[in-house]
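# Inside the fold
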Amino acid sequence: MQHIHLEYDVDGNNFVSAGQATENVKFCLKGLGINPQMIRRIAIAMYEGEINMVIHANGGKAIADIYMDKIVVQLVDTGEGIADINQAMQPGFSTATEDVRSLGFGAGMGLPNMRKYTDEFEIESTVGVGTHITMTVKF
Amino acid sequence: MTVKELAKILGATTVAESDFEREINGGYAGDLLSFVMGRAMPDCAWYTIMTNVNVCAVATLTDCAVVVICEDCTPDEMLVARAKSQGINVIATSLDMHSAIALVAKNC
Ligand SMILES: Nc1ncnc2c1ncn2[C@@H]1O[C@H](COP(=O)(O)OP(=O)(O)OP(=O)(O)O)[C@@H](O)[C@H]1O
Ligand SMILES: [Mg+2]
């Protein structure tokens, strides 16, 4: 099946360029005439994922695959990984540093938002290897 | 209420103007960006004391009508530049969030 495949490098520790991949995907979805509600949901989820890679994983890759009826976004990093995924998924759990908190991050709401705003949410993580998140929003 | 009307009520200064005729529907106050992204509704006025460039990303993602920077906090140059280029309405007031929102409620 024909689809649009987009890939972006997300620069670690760069809060200024963070969100660029999300912006691009949003622009593409708008051009395709996708419902703004759906764009909003995947864009917020993707931005949370981008920011997490910047803050917690020293960067990574953001991959978007846009089909007729859905978008699948993957966030792949080779950061330190998450030891206890259930704990990380709890609203309010965060290991963010003071520096990061002063920028407004570190509420521990990113992963819960990603799950809340997407139709399908999968997270795999291995300590010392990295984290792989797959999210789907159906149009 | 429009952004222009809100700015007048708050005695706010303009940081970045895109469309001050835009209609505001509701409000959200907060500085923790993931809370804002989880809760703020499109077309709201977002009250915050955050002043860094990430405010722009969150404002765009939530599609808020205006960002109201409270308590005389000075927005970063990068925030101002990006708000202008992305067409985000940003105003600044000396009032704290509670006083600002109370004042808006009184004028609704
Ligand atoms: N890509 C990742 N690599 C390693 N650890 C991660 C990654 N993403 C999340 N985590 C861990 O999971 C915790 C919870 O993530 P979540 O996004 O919910 O909150 P946060 O990033 O700390 O704060 P917020 O997202 O509210 O700004 C993080 O504090 C971090 O410990
Ligand atoms: Mg996060």
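The rules behind each value
Residues numbered from 1 in each chain as written. Chains lettered and ligands numbered in written order. Predicted model: local features only at pLDDT ≥ 70, side-chain atom pairs only at ≥ 80, totals over all residues. Heavy atoms only, no water. Helix = DSSP H or I, 4+ residues; strand = E, 2+ residues; numbered from the N terminus. Rg over C-alpha atoms; globule rule 2.2 N^0.38 Å. Buried < 20%, exposed > 50% of the residue type's maximum accessible area, 1.4 Å probe, protein only. Contact = heavy atoms within 4.5 Å. Areas by Shrake-Rupley, 256 points an atom, 1.4 Å probe, with all protein chains shown as cover. Lys, Arg positive; Asp, Glu negative; His and termini not counted. Charge placed at Lys NZ, Arg CZ, Asp CG, Glu CD. Pairing = 2+ DSSP bridges. Axes fitted to C-alpha atoms, helices over the stretch in contact; angles between N-to-C directions. Polar contact = N/O pair within 3.5 Å; in protein donor to acceptor, adjacent residues only side chain to side chain.

Turning next to the overall build of chain A. Of regular secondary structure, chain A possesses 5 helices and 5 strands. For chain A, whose C-alpha radius of gyration is 14 Å, the value lies close to the compact-globule estimate of 14 Å for 139 residues. The buried share of chain A, reckoned over its 139 residues, is 53%. Taking the contacts inside chain A whose residues are at least 6 apart along the sequence as the reference set, 64% of them involve residues at least 24 apart. Within the structure as shown, chain A displays about 6900 Å² of accessible surface, and the carbon and sulfur contribution to it stands at 50%. Averaged over its 10 positive side-chain charges, chain A has a centre that lies 10 Å from the centre of its 17 negative ones.

This part covers the sheet that holds strand E5 (residues 90-92) of chain B. All names here are of chain B. As summarised here, the arrangement of the 5 strands in space is E1-E5-E4-E3-E2, forming an open sheet in which the pairing is mixed. With one partner strand each, in any of the chains shown, strand E1 (13-16) and strand E2 (27-29) form the two edges of the open sheet. Adjacent strand axes in the sheet meet at a mean angle of 25°, parallel and antiparallel pairs treated alike. Summarising the sheet, E2 and strand E3 (residues 45-48) pair through 3 bridges and their orientation is parallel. Looking across to E3, one finds that tyrosine 28 is bridged to tryptophan 46.

Within the secondary structure, Asn54(B) is located in helix H3 (residues 54-62). By relative accessible area, which is 2% here, Asn54(B) ends up buried. Within polar-contact distance, the side chain of Asn54(B) engages the backbone oxygen of Phe15(A) at 3.1 Å. Setting aside its immediate chain neighbours within four residues, Asn54(B) contacts Phe15(A), Tyr47(A), Ile51(A), Phe105(A) and Leu33(B).

For the rest of this paragraph, the subject is the environment of Leu103(B). All names here are of chain B. With respect to the element layout, leucine 103 can be found in helix H5 (residues 97-106). Residues leucine 103 and leucine 6 lie 97 residues apart in sequence; the distance between their C-alpha atoms is 9.9 Å. If we ignore the near neighbours within four places in the chain, the residues touching leucine 103 are Ile9, Leu10 and Leu95.

Read these as geometric descriptors, not functional statements.
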